[in-house]
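# Summary of structural features
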Amino acid sequence: MSLALIAALPFLGALLPGLMIRAGRTTCALAAGSVTALALLMVGLHIPAVLRGEVIRTRIDWLPQLGLNANFMLDGLGLLFALLILGIGLLIILYARFYLSPADPMGQFYTFLLLFQGAMLGIVLSDNILLLLVFWELTSLSSFLLIGYWKHLPEGRRGARMALAVTGTGGLAMIAGVLILGNLAGSFDLSVILTQKEVIQASDWYLPALILILLGCFTKSAQFPFHFWLPQAMAAPTPVSAYLHSATMVKAGLFLMARLWPVMSGTPEWFYIVATTGLVTMLLGAVVALFKDDLKALLAYSTVSHLGLITMLLGFGTPGAAVVAVFHILNHAGFKAALFMCAGIVDHEVHSRDIRRLGGLRHLMPVTFAISTVAALSMAGIPPLNGFLSKEMMLDQATQTAWMGNPWLIAALATLGAMLSVAYAFRFIGHVFLGPVRNDHPHVPHDPGFGLWAAPAFLAVLVIVSGLMPMTLSGWLVATGAEAVTAGAAQVKIVHWHGFVTALWLSLGAIAGGFILARRYAPLNRIWLALPRPDATLFFNSGIARAFALAQGITGRLHDGSATRALAIAGVTMIAAGLWAFLGGSHSPGTRSLTPVEPLAPVGWLLLAGSTIGLVLVHRNRVLALVLVGVIGLIVSVTFVYLSAPDLALTQISVEVATVILMLLALNFLPKVTPPERLTRVARDAVIAGAAGLCAGGLILALMLRDFAFPGIAAYHIANSKTEGGGTNIVNVILVDFRGYDTFGEITVLGIAALVIYALTEAILKGGPANDRLLNWLPARGRAGDRHPMMFVIVTRLILPVALMVGVFIFLRGHNLPGGGFIAGLIVAIALLMQYMASGFAWAAARRSVDYHALIALGVLVAAGTGIGAWFNGRPFLTSDFGYVTLPPLETFELATAALFDAGVFLCVLGAVMLALASISRLAIRAGGTVNTRPFDIDPSQPEAR
Amino acid sequence: MEYLIASGVGLMTAAGVYLILRRHTFPVILGLALLSYAVNLFIFASGRVVIGQPPILTKGAAGYTDPLTQALVLTAIVISFGMSAVIVMMALGAFLETGHDRIDTNDGKNDGEGTGD
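Residues numbered from 1 in each chain as written. Chains lettered and ligands numbered in written order. Predicted model: local features only at pLDDT ≥ 70, side-chain atom pairs only at ≥ 80, totals over all residues. Heavy atoms only, no water.

A count of helical and extended segments in chain A gives 41 helices and four strands. Residue burial in chain A is summarised as follows: out of 946 residues, 54% are buried. In chain A, of all internal contacts separated by at least 6 residues, the share reaching a separation of at least 24 is 78%. Of the roughly 40,100 Å² that chain A leaves accessible, carbon and sulfur atoms contribute 71%. (Helix = DSSP H or I, 4+ residues; strand = E, 2+ residues; numbered from the N terminus. Buried < 20%, exposed > 50% of the residue type's maximum accessible area, 1.4 Å probe, protein only. Contact = heavy atoms within 4.5 Å. Areas by Shrake-Rupley, 256 points an atom, 1.4 Å probe, with all protein chains shown as cover.)

The helix and strand tally for chain B stands at three helices and zero strands. If you list the helices and strands of chain B from N to C, you get α-α-α. Restricting the contact set of chain B to residue pairs at least 6 apart, pairs at least 24 apart contribute 50%. For chain B, the accessible surface area stands at approximately 3,600 Å², while carbon and sulfur atoms represent 65% of it.

Attention now moves to the nonpolar core. Ranked by size, the top nonpolar core spans 204 residues in total, and within it Tyr110, Trp229 and Met264 of chain A carry the most contacts. Looking at this core element by element, the count peaks at 21 residues for helix α18 (residues 319-350) of chain A. In contact with methionine 264 of chain A, other than residues within four places in its own chain, are Leu181, Ile200, Gln201, Tyr206, Ala209, Leu210, Ile213 and Trp270 of chain A. In terms of nonpolar packing, the next biggest core, distinct from the first, is built from 134 residues, Trp843, Leu855 and Val860 of chain A together with Leu68 of chain B among them. (Core = buried A, V, L, I, M, F, W, Y, C linked by side-chain atoms within 4.5 Å.)

A separate point is the interface of chain A and chain B. The interface of chain A with chain B comprises 115 residues on the first partner and 86 residues on the second. Buried area between chain A and chain B, both sides added, is near 9,100 Å², and the carbon and sulfur share of it is 77%. The largest contributions to the chain A side of the interface with chain B come from Leu643, Ser644 and Met704 of chain A, which together make up 7% of the buried area. Where chain A packs against chain B, one counts three salt bridges. In this structure, glutamate 677 of chain A engages arginine 22 of chain B in a salt bridge whose closest nitrogen and oxygen atoms are separated by 2.9 Å. At the boundary of chain A and chain B, one finds 24 residue pairs in polar contact (both at pLDDT 80 or more). Looking at the side of chain A that touches chain B element by element, the count peaks at 16 residues for helix α32 (residues 679-704) of chain A. (Buried area = accessible area lost by both parts, 1.4 Å probe. Salt bridge = Lys/Arg side-chain N within 4 Å of Asp/Glu carboxyl O. Polar contact = N/O pair within 3.5 Å; in protein donor to acceptor, adjacent residues only side chain to side chain.)

Here the focus is helix α26 (residues 521-530) of chain A. Residue and element names in this part refer to chain A. When we look at burial in α26, the residues that qualify are Tyr521, Asn525 and Trp528. For α26, the angular spread of buried residues about the axis comes to 60°, placing them on one side. Exposed positions of α26 whose direction lies more than 90 degrees from the buried face are Arg526, Ile527 and Ala530. Elements in contact with the buried residues of α26: α16 (268-290), α22 (409-432) and α25 (502-519). (Arc of directions from axis to C-beta.)

With that out of the way, let us pick up the packing of helix α31 (residues 646-667) of chain A against helix α3 (residues 67-98) of chain B. Relative orientation of the contacting elements α31 of chain A and α3 of chain B amounts to 0°, with a least axis distance of 10 Å. Judged on the interaxial angle alone, α3 of chain B and α31 of chain A are roughly parallel. Here α31 of chain A contributes Asp647, Leu648, Thr651, Gln652, Val655, Ala658, Thr659, Leu662, Met663 and Ala666 of chain A to the contact with α3 of chain B, which in turn contributes Gln70, Val73, Leu74, Ile77, Val78, Phe81, Ser84, Ala85, Val88 and Leu92 of chain B. (Axes fitted to C-alpha atoms, helices over the stretch in contact; angles between N-to-C directions. Parallel < 35°, antiparallel > 145°, perpendicular 65-115°, else oblique.)

Time to look at the packing of aromatic side chains. Applying the stated criterion to the full structure yields 19 aromatic pairs over all chains. Each ring, one from phenylalanine 109 of chain A and one from tyrosine 110 of chain A, has its centre 5.7 Å from the other, and the planes form 75°; the classification is edge-to-face. Classification of phenylalanine 109 of chain A as buried rests on a relative accessible area of 0%. Cluster of aromatic residues (ring-pair linked, three or more members): Phe271, Tyr272, Phe316 and Trp403 of chain A. The positively charged end of arginine 97 of chain A is found above the aromatic ring belonging to phenylalanine 98 of chain A, 5.2 Å away from the centroid. The ring centre of tyrosine 18 of chain B lies 4.1 Å from the NZ or CZ of arginine 22 of chain B, which sits over that ring. (Phe/Tyr/Trp six-rings, centres within 6.5 Å; stacked < 30°, edge-to-face > 60°. Lys NZ or Arg CZ within 6 Å of the ring centre and 35° of its normal.)

This next bit is on the pattern of salt bridges. Residues and elements named next belong to chain A. Summed over all chains, the structure comprises 19 salt bridges over all chains. The salt bridge involving arginine 592 is made with aspartate 707; its shortest N-O contact spans 3.0 Å. Taken as a pair, arginine 592 in the loop between α28 (563-584) and α29 (600-618) and aspartate 707 in the loop between α32 and α33 (714-725) lie far apart in primary sequence, 115 residues in all. Judged by its relative accessible area of 45%, aspartate 707 is partly exposed.

So, on to the packing of helix α23 (residues 450-468) of chain A against helix α24 (residues 470-486) of chain A. All names here are of chain A. Their axes nearest at 6 Å, the elements α23 and α24 cross at an angle of 95°. Overall, the two elements α23 and α24 adopt an arrangement that is roughly perpendicular. Residues Leu462, Val465, Ser466, Gly467 and Leu468 of α23 lie in contact with α24, whose contacting residues are Pro470, Leu473 and Ser474. Of the residues contributing to the contact of α23 with α24, the split by class is five nonpolar, three polar and no charged. (Nonpolar A, V, L, I, M, F, W, Y, C, P; charged D, E, K, R; others polar.)

As a further point, take the side chain of threonine 651 of chain A. By secondary structure assignment, the location of threonine 651 of chain A is in helix α31. With near-sequence residues (within four places) excluded, threonine 651 of chain A lies in contact with Ile823 and Leu826 of chain A together with Leu74, Ile77 and Val78 of chain B.

The next thing to look at is α33 of chain A. All names here are of chain A. Between its first and last C-alpha, α33 extends only 14 Å over 12 residues, short of the 16 Å set by a 1.5 Å rise per residue. For α33, every residue scored as buried is listed here: Ala714, His717, Ile718, Asn720, Ser721 and Gly725. A positive backbone phi angle near 75° is found at glycine 726, which sits one or two residues after α33. (Expected span 1.5 Å × (residues − 1).)

What follows concerns the environment of alanine 119 of chain A. Residue and element names in this part refer to chain A. Topologically, alanine 119 is positioned in helix α6 (residues 106-125). For the pair alanine 119 and phenylalanine 135, spaced 16 residues apart in sequence, the C-alpha to C-alpha distance is 4.9 Å. The residues contacting alanine 119, other than those within four sequence positions of it, are Phe11, Phe135, Leu138, Thr139 and Ser142.

Residue and element names in this part refer to chain A. Relative to the helices and strands, isoleucine 688 is located in helix α32. For isoleucine 688, a relative accessible area of 10% puts it in the buried group. Residues isoleucine 688 and glycine 571 lie 117 residues apart in sequence; the distance between their C-alpha atoms is 7.4 Å.

This part covers the side chain of histidine 306 of chain A. Inspection of the secondary structure puts histidine 306 of chain A in helix α17 (residues 295-316). When sequence neighbours within four positions are dropped, the list of residues in contact with histidine 306 of chain A reads His328, His332, Phe335, Lys336, Met379, Ser421 and Tyr424 of chain A.

The next subject is unusual backbone geometry. Residues and elements named next belong to chain A. Backbone torsion omega between phenylalanine 224 and proline 225 reads 0°, so that peptide bond is classified as cis. Here proline 225 is to be found in the loop between α11 (206-220) and α12 (229-232). Between proline 383 and the following residue, proline 384, the backbone shows a cis peptide bond with an omega angle of 5°. For proline 384, the location among the structural elements is in the loop between α20 (366-380) and α21 (386-399). Located in the positive-phi region is alanine 222, a residue other than glycine, with phi close to 55°. Note that alanine 222 resides in the loop between α11 and α12. At histidine 351, a residue that is not glycine, the phi angle is positive and equals roughly 65°. Relative to the helices and strands, histidine 351 resides in the loop between α18 and α19 (361-364).

What follows deals with a nonpolar patch on the surface. Residue and element names in this part refer to chain A. Together, Trp62, Leu63, Leu66, Val134, Leu138 and Leu141 line one region of the surface with nonpolar side chains, adding up to about 530 Å² of accessible area. Mapped onto the elements, leucine 63 comes out in the loop between β1 (56-58) and β2 (72-74). On the accessibility criterion, leucine 63 (34% relative accessible area) is partly exposed. (Patch = residues over 30% accessible without salt bridge, like charges linked within 9 Å, V, L, I, M, F, W, Y side chains within 5 Å.)

Residues and elements named next belong to chain A. Secondary-structure assignment places valine 478 in helix α24. Valine 478 sits in the buried class, given a relative accessible area of 0%. With 398 residues separating them along the chain, valine 478 and leucine 80 place their C-alpha atoms 7.6 Å apart. Aside from chain neighbours lying at most four places away, what touches valine 478 is Val323, Val326, Phe327, Leu330 and Val492.

Turning to the confidence of the model for chain B, a few remarks are in order. Residues and elements named next belong to chain B. Model confidence for chain B is summarised by a mean pLDDT of 85, while 91% of its residues fall at 70 or above. Below a pLDDT of 50 lies the segment residues 109-117, which in the model reaches 21 contacts outside its immediate sequence neighbourhood of four places, other chains included. The complex prediction reports pTM at 0.70, with the ipTM value standing at 0.92. (pLDDT = per-residue confidence, 0-100.)

Written as structure tokens, this is what we have:
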């Protein structure tokens, strides 16, 4: 459980800073720091076991059917990265506490940071590669939030968008690659995949999988030609740059390459794609870095260059090169994080990070100068610092590797890259800290407080110590990490002196050459400025702009604000898709015998056809059209009765009443006549409608003329309705028992619909043009003189108890005979609506003691409570139970929990129908002005009426 | 019988589609109601039609029609009422808010009719 807990810890802890910020900024930082420290401690406890060569595992089944399980593992590689992520994370949290200004929302920052940390930790601890993908995407999302943390900066938002677009696109490619890989290996568990090298490399799908996965790695690790997002992401606050864009996130791509190294590497494809990309990236990044004037841009391109270096080493595919790669990952994280933090300090103190405006800071900021120098010299590979060690080992590997049969090409280019690296490192020191002291800084700088320089200073100490005693400080970690990458094939031996080998001369040559380049910077810069420099950002932006224009063009053409046109397009598409699917399949001839037609059926059909055609012809006369809709609804109800569906008939006929009342209420306000339309439109729509009708009719006919292709599940419900559900009305038992969960969802939706109607009404009545229009409403001509005719009032009141009784009766018998909660709810609703219609809204509302909202809520709660009740019997949600009870004077009757559930359905349906119609009535009151308080407009019992 | 039902479904679908392609709210509401009838009848009929065999367990019954499609359609009828009510309310709100009941926001630009009311 421990590993899953470690991975979950930052996510859980992400809640803390947001809450603790109320207790102050230091408390907030402490909260974030203690979460990270705890996770670090928990990882640390596993170190002895991992060093013994064990792999710690936690397995939790998530979606085993899909192969997606929350399986975690901790091996040497995971340990190295986990320590990096948490260790540097801790330093960043300290640094950010003093870096962020009081105006920045610090709680938000730490929450984002911890989310990112959790996602990153998840990547390196995942055993399941699908789980790894989930965390991979989470790093893209959380880094989007972090890069765009300063929301007011347009370049921050731009950088965040670009980073998300590039890494997100790569992530999409990677999903495809990982799915192919998992299918090749027969499992999505890394521990299985890593054993399937022969199978995977022999497959034809190896190359597609490799390219797709590498796309994900290269975009994430800013490899050429996807490197351009990283410098743009420098608009983020410096702690983010130091954490995400040097030490951790950009290493995720390297991590995955290292993780899959045992199965993917060693082929010519791997070598030429990975090593070449790495080499090009290393050189390109180094050249650009040398000529950048922005401190952070310089560091960003140098990061690109170093990432390229590591990629190249992984690409070599030899165990020796993999060891160097792992070693350099560790070294680079140390010195680059320190350098970013120093750049942040300079920016913080001088209020500028433009190298041209800096210089001579060594006297003003001696501490920062010392830290920066150590870190930069390590980056340059000056002995005895740790950067020297890994760089010399890298050059050694380069001399042993041939490219296309050319034995010196890689070594020469790698040396050139190293030389440039020395040059920009010297420039960083020389142009910022050395040189004449200036007094034209935007802000007179001095060293910051201990809090700000403590973190980089700690890293600088590590750089020195691990340089002096590499085997003691980092050797064991590199060894266990490299062992995991190369499956034990690597020998780790880090020493300063290899003798006078070629690599030593190359390394010394690079230092000398780099020094000369840095001294000759001014003329070189003039040449650089004169050269044409293609900017990848421009390509990206124009690509995005083109994609945007394309999307807009399509959207504009499909959806120009004309809903009817969009519907017509959707209709035609659906018809075409249906026809294509239907005609593309094979069909057996219809063998089912026809049901005989009794004389009544054609009469009903004629009524239906006549009303439907009539409706289309006269639909512009809205009141007449509504009458015809009512007729159609009635015939549909009759059809249900005729075709053995009494429940449906009862439901349909009661819904029909409610619907017609609803539409009549609406029509009170809407225009009574629809204006005519152009004949061409009518003809076009008639063609679409005719096609739709033919398709729907033809399809149902084809269905009805054939038997089921597979045995249906109806037989199960028929057989078990009485024995399992305790009811003989199978439809009702299905609703409240077999498919009770569906019904629960449906009454919830119905309740929500009613609340939406209520909310819409509230919005209209709150004010604005709609309310004004209602207040100025002129009643339509021909209003009845007597709004509440006496006979109607008396009859509805006499009928009310009877109607309620019918409702109760329908409800109670529902389990065994046609009826049930839905129908009973509708019947009672109609009985109440009659009171509204006859006696008036105000009179009826005054006599209503229950709120309709409460009825809906009660209904849903009763249904849910019934379902939850099953838990107390140790059964799943909504398991029903029933029994038979005998009370002496009565017959034996049945008690079923399903009846209670049905009561919930009843209440919810009643509440929803009443709330919907009552809401519309409120509009009428707003418009009508006069509200009755008495049941009759003309009361014969009053003397003045006589 | 099957031909009667199929032609009924076809007719109601055609009328429903025709009406929801109109440019004013009320015919669209009617069209949706008609489509609901058609779809409900469609789903119901996909259980195959049987006369005189309701799915109520009784002694000596010759057989039962498919209860499953009935259960599906029963809730569908109630939900379609909820949907109609929401759409009616939206139509009403839109009419009161804007003073017209056209549903195309680009009206008069490319469909010559001009103002509707």
